[in-house]
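What the coordinates show
Take a look at the letters that make up each chain.
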Amino acid sequence: MKLPKAYQPQQYESDIYALWEKSGAFRPSDAKTSYSIVIPPPNANGNLHIGHVLTGALEDIAARFHRAKGESVLFLPGSDHAGFETQSVYEKQLAKAGKSRFDFSRDELYNQIWDFVALNRDNVQSQMRSMGLSCDWQHFTFTLDSKIVKRAFETFKSLWDDGLIYRGERLVNFCTYHGTAFADIEVIHKEEPGHLWYIRYPLVGSSDSLIVATTRPETMLGDTAVAVNPDDKRYQKYIGKTVKLPLTNREIPVLSDSFVDMNFGTGAVKITPAHDINDFEVGKRHDLPFISVIDYEGKMTNVHSKYLGLSVEEARKLVVDDLKEQGSLVKVEKHKHSVGHCYKCDTVIQPLLREQWFVDIDKLAKEAIAVLEKNKITFYPEAKKQQLISYLNGLHDWNISRQIAWGIPIPAFQNVDNPSDWIYDESVNQEIITIEGKTYRRDSDVFDTWFSSSSWPYATLDFPSSAEFKKFYPLSLMETGGEILYPWVSRMLMLGLYVTKDIPFKSVYIHGYVMAEDGSKMSKSVGNVIDPIPVIKQFGSDAVRMGIIWGRSPAVNRGYDQRRVEEARNFCNKLWNIARYIEGVDSNQLNRGETKAVTEADNWILNKLSVVMVNMLSNMDSYRFSEVFEELYHFVWDDFADWYIEASKINPNKPLLDYLLESTLIMLHPFAPFVTEAIWQTLNIDSGSILATKTFNEMLSYDKNKAKQFDKIQSLVAEVRSTMKLLGTNKADLYFEDSKLLAVNQDLIKRLAKVQKVNEGRGGSLKLNNSAFRCWLSVDQAVTVKYASELKAKQVKLNELISQLDNRLSNKAYVSKAPERLVEQTKNQLNQAKHELETIADEILRFKAN
RNA sequence: GGGUGAUUAGCUCAGUUGGCUAGAGCACCGCGUUUACACCGCGGGUGUCGGGGGUUCAAGUCCCUCAUCACCCACCA
């Protein structure tokens with residue numbers, strides 16, 4: 001025997017992966033039909049976690065499945081520089097060494113992070129190999145590779161040329177700790193308890209005053225107006241008047257704007273255009289001055305010297321104290337409100353004025369929505385499509401400037417003598433350039449990561465003219481997690497449509513999260529992140545993959561469950577032992593040479609196999625990974641091992657066993673690539689070939705009637721088994737009458753049903769009533785008493801069923817409206833139940849007579 | 001404030017266009033050692049499909065409503 005008793009994954013996995021790579025098994029073939037997946041690149045800065053097994057396994061299953069269908073598959077791996085994410089990780093390291101980013105220039109920092117990332121990149125790749133991912137490593141792409149950078153530049157340029165990019169001074173979400181701006185989506189809003197301060201603003205030239213309510217009193221130092229609703233009768237007389245801003249000498253206008261909610265606070269709102277997004281809009285509409293009173297470090301600026309340089313919190317306290325002292329503070333209420341925080345360091349995000357590059361989103365979003373509404377892209381689950389549409393509908397212009405070092409520099413230069421003169425230039429390795437005698441300075445900012453990664457589906461394929469782009473674009477599948485539906489999927493769609501004039505992918509599959517075992521979210525700070533590598537070492541890569549995808553539906557979060565992994569490990573071993581059994585079957589047995597079905601069982605298993613194959617093809621088309629796996633699992637374990645192999649011990653058909661094993665290995669390979677290949681190689685099935693490149697077997701023909709005969713044998717066996725268990729005996733003989741099928745299969749039934757003898761002819765004291773045959777069991781008189789009570793219970797149940805079926809059939813509406821086959825089926829059931837009931841009634845009478 | 005999803009066996013969850021007496025794995029109970037496998041085999045399920053209402057011949061599945069939980073989005077000063 002070449003196969004040892006149990007499958008030991010550790011002994012095979014790395015050799016097998018090396019074999020695959022060496023043989024070029026993962027290179028796209030020449031086949032015309034193509035299938036493509038580009039991996040959502042994991043961060044290059046750390047380790048993969050167990051969630052990556054889910055995403056990787058799903059992609060790999062799809063890739064291997066399509067390879068087995070004979071398609072040319074491109075499964076492209078990559079890793080992500082992950083701009084700000086990675087910089088924060090690196091900054092934490094710096095902090096440990098007692099340094100900070102301010103100790104270095106941006107270029108120095110960039111180079112350091114480059115080295116830091118390079119250390120980790122191989123690690124991630126080797127982890128992906130451990131998971132068995134069948135990626136084409138020759139296509140490996142890093143998000144700072146020149147083709148990705150070049151694509152970002154060109155996209156920026158064409159957006160600029162088309163007037164879809166502008167530089168503007170707008171309010172941005174600014175983290176004063178990290179010193180950079182964020183897109184709206186990167187800000188985490190939290191509901192927090194706060195206060196509502198009511199402040200009196202006296203009218204100029206009158207003893208009257210207006211009272212405004214605010215949650216951020218310190219920003220009053222930057223107020224440039226007070227606004228009321230034009231329909232608010234209380235305040236109409238004040239519109240156009242002027243109030244005096246307390247704590248300052250400034251006088252500011254009272255104006256009307258319909259954005260003001262008459263029912264909130266006092267109905268009069270202080271307007272701080274430089275520090276509040278609504279106020280900013282009001283300021284623009286009414287042409288107000290913009291006074292920044294908070295700087296990029298979160299300190300007070302442009303204010304009276306007593307507040308200058310204070311933090312926002314300190315200033316708030318002092319302003320409130322001063323207002324109180326002045327008598328301007330009318331009252332304070334407790335108030336819950338939503339506050340934006342940096343998603344990385346939790347610092348309160350300040351809306352600050354800053355010049356940034358913005359993408360005008362309107363047209364891009366509209367086109368994306370149109371494509372979605374026309375169902376050009378299939379979503380799994382479908383609900384995600386509608387969510388994406390809603391998101392796109394509410395999208396604001398997109399700030400793509402980041403004030404960090406780690407990222408792709410923005411290829412724009414500013415005229416040092418004329419700040420409004422910006423030009424596009426790709427010489428970003430220079431800080432200063434001279435063109436036509438004018439000196440320009442490079443924008444020191446870098447692109448938002450999502451701006452460059454939006455091109456991932458086509459930049460990786462060398463858009464626009466490569467053969468690969470033509471063959472593999474749009475991608476067949478974008479498989480990713482729900483957390484990046486908005487930041488990434490939406491942008492790949494918008495910019496993909498803009499750049500390539502085509503959808504970037506045909507399907508989007510959103511997986512759920514692998515939660516911790518108790519159902520909570522895995523997080524580094526809680527320390528409940530599961531590292532897949534030790535689990536793979538313990539149970540094998542296949543077991544972890546199958547254990548994780550098993551029973552998971554798209555977009556449903558679910559805890560990691562090690563028991564599933566153990567079960568999957570057992571399943572690998574089951575498969576191993578099926579192979580081991582077949583290996584040991586004497587090849588000089590019957591039917592040597594010709595692969596065809598002979599017995600009822602042979603036909604039956606071929607029928608099962610073809611049903612599984614058909615279902616697999618259709619279910620994989622709609623990415624029902626778990627259903628496909630579960631069906632294969634039950635085919636292998638229940639049908640193949642428990643029934644067919646057991647039956648084949650009576651009538652061995654070695655060529656058919658070989659065929660079944662081969663077909664099963666091919667079908668299961670996408671789910672369990674290592675163990676299937678290990679068996680394939682060890683037994684040298686199909687001399688020297690590699691399973692990973694095999695296509696599905698042709699289905700053998702079989703006789704459906706013969707297959708059905710085995711169903712009958714199966715149910716007889718099941719009835720004998722359960723009856724004997726019920727009686728608590730393992731010693732019984734089976735008698736039968738009038739059945740050629742049973743006569744031929746006496747040995748088989750004896751073995752499967754575990755009776756002592758099978759005899760043709762009348763005999764035995766206990767009639768079986770479920771099966772399609774006239775059969776009796778001979779058992780001791782003593783145990784039949786127990787059986788009688790069981791029969792009575794069965795009688796009750798059958799009566800219930802019969803009346804149910806009777807009712808259904810006497811319902812005219814059912815008979816006339818339900819499909820014919822259902823009505824027919826119901827009739828058959830009724831007849832069968834009645835027949836069974838009669839048999840049981842006879843038996844009960846007989847027992848009474850005894 | 002808006003939106004989405006969930007609620008099915010002790011546990012974790014399937015159940016696609018409505019259609020067999022609603023399933024899987026685990027757990028649990030019993031029996032078992034036979035040409036592979038104890039990481040095994042055989043047998044064992046009385047579930048108000050969250051509550052209520054509706055549509056239909058037929059509802060776990062479609063509609064309405066209520067309850068609970070989870071997540072997402074949002075500029076109420």
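Cut-off values and rules
- Residues numbered from 1 in each chain as written.
- Chains lettered and ligands numbered in written order.
- Predicted model: local features only at pLDDT ≥ 70, side-chain atom pairs only at ≥ 80, totals over all residues.
- Heavy atoms only, no water.
- Helix = DSSP H or I, 4+ residues; strand = E, 2+ residues; numbered from the N terminus.
- Rg over C-alpha atoms; globule rule 2.2 N^0.38 Å.
- Contact = heavy atoms within 4.5 Å.
- Areas by Shrake-Rupley, 256 points an atom, 1.4 Å probe, with all protein chains shown as cover.
- Lys, Arg positive; Asp, Glu negative; His and termini not counted.
- Charge placed at Lys NZ, Arg CZ, Asp CG, Glu CD.
- Core = buried A, V, L, I, M, F, W, Y, C linked by side-chain atoms within 4.5 Å.
- Buried < 20%, exposed > 50% of the residue type's maximum accessible area, 1.4 Å probe, protein only.
- Pairing = 2+ DSSP bridges.
- Axes fitted to C-alpha atoms, helices over the stretch in contact; angles between N-to-C directions.
- Parallel < 35°, antiparallel > 145°, perpendicular 65-115°, else oblique.
- Nonpolar A, V, L, I, M, F, W, Y, C, P; charged D, E, K, R; others polar.
- Salt bridge = Lys/Arg side-chain N within 4 Å of Asp/Glu carboxyl O.
- Near = heavy atom within 4 Å.
- Polar contact = N/O pair within 3.5 Å; in protein donor to acceptor, adjacent residues only side chain to side chain.
- Arc of directions from axis to C-beta.
- Disulfide = S-S within 2.5 Å.
- Phe/Tyr/Trp six-rings, centres within 6.5 Å; stacked < 30°, edge-to-face > 60°.
- Lys NZ or Arg CZ within 6 Å of the ring centre and 35° of its normal.

1. Digging into the overall build of chain A
When its secondary structure is counted, chain A shows 26 helices and 30 strands. In summary, chain A has a C-alpha radius of gyration of 37 Å against a globular reference of 29 Å for 850 residues, an excess of more than 25%. Each principal axis of the C-alpha atoms in chain A carries an extent, and together these give about 120 × 60 × 50 Å. Restricting the contact set of chain A to residue pairs at least 6 apart, pairs at least 24 apart contribute 76%. Of the accessible surface of chain A, which amounts to about 38,100 Å², a share of 48% is contributed by carbon and sulfur atoms. For chain A, the distance from the average position of its 103 positive side-chain charges to the average position of its 110 negative side-chain charges is 5 Å.

2. Regarding the nonpolar core
In terms of nonpolar packing, the biggest core is built from 144 residues, with L734 and L777 touching the most fellow members. When residues in this core are grouped by element, the largest group, 13 residues, is from helix α18 (residues 625-648). Excluding residues within four positions of it along the chain, L734 makes contact with L716, V720, I749, V755, K757, V758, N759, L768, C775, W776 and L777. Listed in part, the 75 residues of the second largest apolar core include L144, W406, L495 and F505.

3. Things to note about the sheet that holds strand β8 (residues 209-214)
Taken in spatial order, the 3 strands of this open sheet run β8-β7-β13, and their pairing is antiparallel. Each edge of the open sheet is held by one strand with a lone partner, namely β8 and β13 (329-342). The mean inter-strand angle of the sheet, taken between neighbouring strand axes irrespective of direction, is 20 degrees. Bridge count for strand β7 (residues 187-202) against β8 is 6 bridges, and the pairing is antiparallel. Bridging from a neighbouring strand, Y201 pairs with L210 of β8.

4. As for the sheet that holds strand β11 (residues 251-256)
Spatially, 4 strands are ordered β10-β11-β9-β12 in an open sheet, and the strand pairing comes out mixed. Lying at the two open borders of the sheet, with one neighbouring strand each, are β10 (242-244) and β12 (268-271). Averaged over all pairs of adjacent strands, the angle between their axes in this sheet comes to 30 degrees, without regard to strand direction. For β10 and β11, the ladder comprises 3 bridges, and the chain directions are antiparallel. Following the sheet pairing, V243 is matched in β11 by I252.

5. What to know about the packing of helix α9 (residues 383-393) against helix α13 (residues 485-500)
Closest axis-to-axis distance for the α9/α13 pair is 11 Å, and the angle between their directions is 80 degrees. With respect to α13, the axis of α9 lies roughly perpendicular. Of the residues in α13, those in contact with K384, Q387, L388, Y391 and L392 of α9 are L485, Y486, V489, S490, R491, L493 and M494. A per-class count over the contact of α9 with α13 returns 8 nonpolar, 2 polar and 2 charged.

6. Observations concerning the side chain of D279
Along the polypeptide, D279 turns up in helix α6 (residues 277-286). Here D279 is buried and forms no salt bridge, its nearest opposite-charge partner K270 lying at an N-O distance of 5.5 Å.

7. Overview of the protein's contact with RNA strand B
Near RNA strand B you find 57 residues, and of these N278, K574, N577, W637 and K817 are the closest. Within 4 Å of the protein, the atoms of RNA strand B are drawn from sugar and phosphate moieties in a proportion of 59%. Between RNA strand B and R624, the relevant distance is 2.9 Å, taken from a sugar or linking oxygen to a side-chain nitrogen or oxygen of the residue. Considering each element in turn, the surface near RNA strand B owes the most residues, 11 residues, to helix α16 (residues 562-584).

8. What to know about unusual backbone geometry
The omega torsion of the bond from Y380 to P381 falls at -5 degrees, within 30 degrees of zero and hence cis. Mapped onto the elements of the fold, P381 is located in the loop between β15 (378-380) and α9. Note that the residue after F463, namely P464, is joined by a cis bond; omega there is 10 degrees. Although it is not a glycine, L247 adopts a positive phi angle of roughly 65 degrees. As for its position among the elements, L247 is in the loop between β10 and β11. Even without being a glycine, K501 presents a positive backbone phi close to 60 degrees. Structurally, K501 is set in the loop between α13 and β24 (505-511).

9. Overview of α6
The set of residues buried in α6 consists of D279, F280, V282 and G283. One side of α6 holds all its buried residues, which, seen down the axis, span an arc of 165 degrees. The secondary structure elements touched by the buried residues of α6 are β5 (165-175), β11, β12 and β14 (350-359). Where α6 begins, the capping side chain belongs to D276, and its oxygen is found 2.9 Å from the backbone nitrogen of N278.

10. Side note on the environment of R167
With respect to the helices, strands and loops of the structure, R167 is situated in strand β5. Taking relative accessible area as the criterion, R167 reaches 23% and is therefore assigned partly exposed. Sequence-wise, R167 and S401 are 234 residues apart; in three dimensions their C-alpha atoms are separated by 9.8 Å. Residues in contact with R167, not counting those within four places in the same chain, are E355, Q356, W357, W422 and D443. Polar side-chain contacts of R167 include one of 2.9 Å to the side chain of E355.

11. Some words on the pattern of salt bridges
A full pass over the atoms with the stated rule returns 35 salt bridges. Across the pair E218 and R216 runs a salt bridge, and its minimum N-O distance is 3.2 Å. Given a relative accessible area of 0%, E218 falls into the buried group. In this structure R216 comes out as buried when scored by relative accessible area, which is 18%. A salt bridge links K306 to D322; the nearest nitrogen and oxygen atoms lie 2.8 Å apart. With K306 in the loop between α6 and α7 (312-326) and D322 in helix α7, this pair connects stretches of sequence that are 16 residues apart. In this structure D322 comes out as buried when scored by relative accessible area, which is 11%. Connected via shared salt-bridge partners are D60, R64 and R545.

12. Concerning the pairing of strand β18 (residues 412-415)
With 3 bridges joining them, β18 and strand β19 (residues 422-424) adopt antiparallel strand pairing. Each residue of the ladder has a partner; that of Q414, found in β19, is W422. Count of turn residues in the β18/β19 antiparallel hairpin: 6 residues. Pairing of β18 with strand β21 (residues 438-442), which is carried by 3 bridges, proceeds in the antiparallel orientation. Looking at β21, one finds that Q414 is bridged to R441.

13. With respect to the state of the cysteines
According to the stated counting rule, one finds 0 disulfides in the structure shown. A disulfide-free cysteine, C175 has its sulfur positioned 3.6 Å from the sulfur of C345, the nearest such atom. With a relative accessible area of 0%, C175 lands in the buried category. As a non-bridged cysteine, C572 has C135 as the owner of its nearest cysteine sulfur, 20 Å distant. Judged by its relative accessible area of 3%, C572 falls in the buried class.

14. Some details on helix α1 (residues 13-23)
Along α1, the residues classified as buried are E13, I16, Y17 and W20. Looking straight down α1, one finds that the buried residues subtend no more than 100 degrees of arc, so they occupy a single side. Residues S14, D15 and K22 are exposed on α1 and point more than 90 degrees away from its buried face. Tucked into the core, α1 has its buried residues touching α2 (50-68), α4 (106-130), α14 (532-539), α15 (541-549) and α20 (673-682). The positive-phi residue at the C-terminal boundary of α1 is G24, with phi of around 70 degrees.

15. Observations concerning the packing of aromatic side chains
Aromatic ring pairs are reported here in terms of the distance separating the ring centres and the angle at which the planes meet. Inspection of the entire model under this criterion finds 52 aromatic pairs. Centroid distance F156 to W160: 5.7 Å. Interplanar angle 80 degrees. Geometry classified as edge-to-face. In this pair, F156 and W160 both sit in helix α5 (residues 146-161), 4 residues apart, roughly one turn of the helix. Between F571 and F629 the ring centres are 5.9 Å apart and the planes differ by 90 degrees, which places this aromatic pair in the edge-to-face class. Remark: F629 occurs in helix α18 and F571 occurs in helix α16; sequence separation between them is 58 residues. With respect to class, F571 is no different from F629; both count as buried. Members of the aromatic cluster, connected to one another through ring pairs, are F156, W160, W357, W398, W422, Y424, F447 and F451. One residue, K331, lies across the ring of Y198, its end atom 4.5 Å from the ring centre. For K649, the ring lying beneath its charged end belongs to Y581, and the centroid distance is 5.3 Å.

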